[in-house]
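Tertiary structure, described
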Amino acid sequence: MSEPLLDADFLRRLERLAVVSKKVQSSLYKGEHQSPRRGRSMEFADYRDYVPGDDFRYIDWNVFGRLDRLFLKLFSEEEELALYCLVDTSASMGFGHPSRLRFAARAAAALCYVALCNYDSASVMQVGAHVETGLPLQRGRHQAPRLFSFLNGLMAAGTTDLGAACIEFSRRQRRRGVVILLSDLLCETDLFSGIKALLGRRHDVFVVQVLDREERDPSLSGDLRLIDAETGAAREVTVTERVRQLYREALARHVSDIEAGCRRYGVGFMQVETDLPVDSLLLDYLRQARLVR
Amino acid sequence: MGFLDASALGLLALIPLVVLLYFMKLRRRDRVVSANFLWARALEQSRSDSFLEKLKVNLLLFLQIAGIIFASLALARPFVHVAGMLAPELVIVIDTSAGAQAVDGGLPRLDGMRRQALKLVDEARPGTSIMLVGAARHPDVICSFSRDKQTLRRALSGLQATDEPLDLRPVLMLTASLAASHPSAGIYLFTTRSIPDASLLTPACHVVPCGGPVSNVAITAFEVRQNTAFVQVDQYGSPPVHGYLEMRLGDTLLDSRELTGTSRGFIFQIPEMRASDVLHAHLDVQDALACDNDAWTVLPAARPKRVLVVTSGNPFLEKALALLPETEVYRIVPAEYRTSQGYDVTVWDGTRPAAIDGPAVVFGAGSGRLAGPFDIQWQHDHPIFAHVDLTAVHVAETRRLDARGQVLASVPGTPLMTLDGHVLRIGFDIFHSDWPLSVSFPIFMANCMQFLEEGSVEHLPGQVRVGAPLMVEGHVFDTSRVGLYTVSDRHVGVNLLDPTTSDLPPPHAAPAASPGGTGSGAAPATRELADLFLALFLALILIEWWYYHRRTA
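So, here's what we can say about the structure.

Cut-off values and rules
- Note on numbering: residues in each chain are counted from 1, in written sequence order.
- Note on labels: chains are lettered from A, ligands numbered from 1, in written order.
- Owing to the predicted nature of the model, reporting of local features is limited to residues with pLDDT of at least 70; listing and counting of side-chain atom pairs is limited to 80 or more, with chain, interface and lining totals taken over all residues.
- Side-chain measures were taken over the full set of non-hydrogen atoms in the model, leaving aside hydrogen atoms and water.
- Note on definitions: salt bridges are taken to be side-chain nitrogens of Lys or Arg within 4 Å of carboxyl oxygens of Asp or Glu.
- Only DSSP runs of H or I covering at least 4 residues are called helices, and only runs of E covering at least 2 are called strands; the numbering of each starts at the N terminus.
- Burial status follows relative accessibility: with a 1.4 Å probe on protein chains alone, a residue under 20% of its type maximum counts as buried, one over 50% as exposed, and anything between as partly exposed.
- In this description, strands pair whenever DSSP reports at least two bridges between them.
- Every axis in this analysis is a line fitted to C-alpha atoms, fitted for helices over the stretch in contact. Angles between the N-to-C directions lie between 0 and 180 degrees.
- By definition, residues are in contact when any of their heavy atoms lie within 4.5 Å.
- As used here, buried area is the combined drop in accessible area, with a 1.4 Å probe, of two parts when they are placed together.
- Pairs of N or O atoms are called polar contacts if they sit within 3.5 Å, as long as, within protein, a hydrogen donor faces a hydrogen acceptor (for residues adjacent in sequence, only side-chain-to-side-chain pairs).
- Under this grouping Gly is polar, as are all residues other than the nonpolar Ala, Val, Leu, Ile, Met, Phe, Trp, Tyr, Cys and Pro and the charged Asp, Glu, Lys and Arg.

**A few points about the pattern of salt bridges**
Residue and element names in this part refer to chain A. In the structure shown here, the tally under the stated rule is 29 salt bridges over all chains. We note a salt bridge from Glu15 to Arg141, for which the minimum N-O separation is 3.3 Å. Taken together, the residues span a long stretch of sequence, with Glu15 in the loop between helix 1 (8-14) and strand 1 (30-49) and Arg141 in the loop between strand 5 (131-139) and helix 4 (144-152) at a distance of 126 residues. For Arg141, a relative accessible area of 42% gives the class partly exposed. A salt bridge links Arg248 to Glu241, with the shortest nitrogen-to-oxygen separation between them at 3.0 Å. Three or more residues joined by partner-sharing salt bridges are found here, namely Arg100, Asp184, Asp212 and Glu215.

Below you can see the structure in the form of structure tokens.
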């Protein structure tokens, strides 16, 4: 992974984007995102009755003139957004051309760069059977190289238990933010236990499933012993066109189940293939999905 | 369906081996995949699919088993009896000899053959031209090629067995001739006898043996010499038949003897024997064949035969004639010959007579010379050659004979013996052969004397074999039935006296060497199916190849 994740031209195009959260976030730092707290921004939020001690400057005198009552104007507080990119680094992510992990790393790098450029904070976590290593929330565009370096060094290995990893992440990260899970989701463990844990922490969760063309339409044939890259478990299969068709149907059902679950929990879901250009992902797909604007 | 090489079916033992190979561990290639739980789900779905899907999984196994079956069947050279059904022409030859009268399982064998032939006619395709031939002493075309099945059924229903013995040689020659003139014809020979020589069978001829084991007792010889009658009674098959042999002179019962269950000869003394009396031997038994249970003979005339020998001296000839019973031999030199009046037969030895009046045997007749040695061909069934074998006779030189009358024997290039009326001409001189030293010579002379003196009412024989032509004063009488015949107030016994006919063993299928003689029962002619099964085997190999590569593609 010596080549750069994103080229300079693409980075310049990313500077015009911003990460969007469907939920109002809360932060200790001022930023460009609406905060649930009332603050001093220019954006009107609400009224409340005046109580002694309030700043006279925020009394709405026009209303007082019509109603003969004192109301205080409230303005929304603008705070920074926390973006968490959970990148699945299990062994299955090493498949594909380019590999699913490479694609996920580039997508995560682009998203983090967008966030850093908009005075938001960004974090990258390496997940597998649990939360591996990662970078805590970074602020400022100058932190981008550090994030890129981390993402460039990710290696696909180990098993997957995204449910457990998400639960672990939700326990560690108490600050609300936008959580983007980048994974091939090829595991039999319960993903939605982790999703529910993230939602319980009021994170805005978005799932991006990264697959490759070979996974969707395998070219395997003949009498094979299929070895699971993560568990090492072997299964003897005589792959015929009929079996390939059944595999495609099984994969479609698996993806459909995940998508339905995401819809049920109000979680954004998107499936992409590794041969999709990352700029298309950011500029077209994620914009349509209203993850960025 | 039958098999020409059933041992090839042993290849079927490979089937369990193929099944065993399928049970053995299949060598599989290792492939690392990102996750195989989806493949497991696909397999579960595949296993829960319909029976047809399961069948598809094992299709290769079934194809291989079918391949082994087809290969072994092809090597076993199966055949079916279809050619007759497919042939545009059909020749049905049915044995109508005395053997067809044999009661077998309560019914005459002819009925069984008739039933099978009728089935063949019914199963023949519309438009098939069918010929019906009866076979006894000679083949007899009962119905020439006809497409009218009703006519053929009527002809078959009206078919009657004769009392004649079966002579297969002319029948097989006829089938060979028909096979040559009608190459597409299927020929079916329904017979009660086994085919002795497979080389006479043509490939188109299918032999259908008919009949099972039966017990029979028969009179096979009946002769009278002076006041003594000799009767040979033979037993055939098992269990032996018991009963009585009765001897009658006219209507008078002379004697009755009990049969002991074995073959033996009986001698009866005839106390008052008069010329032209009829002696009747009768077997009072219940056996398979009735026509061999009676024999008749007419006692010979008291006057002995008079034979004139015109010779310069031939001790062999004179000795052979002197041995004949009831015969007086007169010898004169050629220069003294005037006429044959007063003699029954004249024998010319080495002298060509100017004129012949009356029955005569001429040795050294003809003209020119032809040097031997020769391969002699003769008519085995002619009465003159009864019990005569010329195989070992060597003739050094013969004259060329005109083919006048009936040629009884011949050598390459010329007839050797001809019969013109009552004159028997023999091309060679006795001294130019070793025949007088053979036992067949006195038998031949005895046959000649008996045959040549026949033809007049006065010299009617006492008995003849059934089917043999009986010529009396220019008329030929049919003798196809056993019995006592009356010609101009004189009697002639017509007897079977044929051990070959009376012996009724179950006929067996034609020898394996015969291409067409492998069948049994009423099945039609054979057609090999090896090509068909070989083609199926090759087709299976191609399908298997295609399916395997499609499966692994």
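Resuming the write-up.
**A look at the sheet that holds strand 16 (residues 278-284) of chain B**
Note: strands within a sheet are paired through backbone hydrogen bonds, in either parallel or antiparallel orientation. All names here are of chain B. Overall, antiparallel pairing links the 4 strands, which are arranged 14-13-16-17 in an open sheet. In this open sheet, the two edge strands, each paired with only one partner strand, are strand 14 (252-258) and strand 17 (294-298). Across the sheet, the mean angle from the axis of one strand to that of its neighbour is 15°, orientation sign disregarded. One ladder, built from 5 bridges, connects strand 16 with strand 17; its direction is antiparallel. Looking across to strand 17, one finds that Val278 is bridged to Val298.

**Concerning the interface of chain B and chain A**
Think of interface size as the accessible area that goes away when the parts come together; that is how it is often given. Each partner contributes residues to the interface: chain B has 26 residues there, and chain A has 35 residues. Taken together, both faces of the contact between chain B and chain A bury some 3,100 Å²; the carbon and sulfur share is 58%. Of all residues in chain B, the largest losses of buried area upon contact with chain A belong to Arg28, Ser34 and Trp39 of chain B, amounting jointly to 24% of the total for that side. Linking chain B to chain A there are 3 salt bridges. Of the charged contacts in the structure, one is a salt bridge between Arg225 of chain A and Asp30 of chain B, with a shortest N-O distance of 2.8 Å. In this structure, the connection of chain B to chain A is made through 14 residue pairs in polar contact (both at pLDDT 80 or more). Contributing elements (two or more residues each) for the side of chain B that touches chain A: strand 2 (29-33), helix 2 (37-47) and helix 12 (530-552) of chain B. It is helix 2 of chain B that provides the largest number of residues to the side of chain B that touches chain A, a total of 9 residues. Taken together, the residues that form the side of chain B that touches chain A break down as 11 nonpolar, 5 polar and 10 charged. Strand direction decides the pairing type here: strand 8 (residues 222-228) of chain A and strand 2 of chain B, joined by 5 bridges, are parallel.

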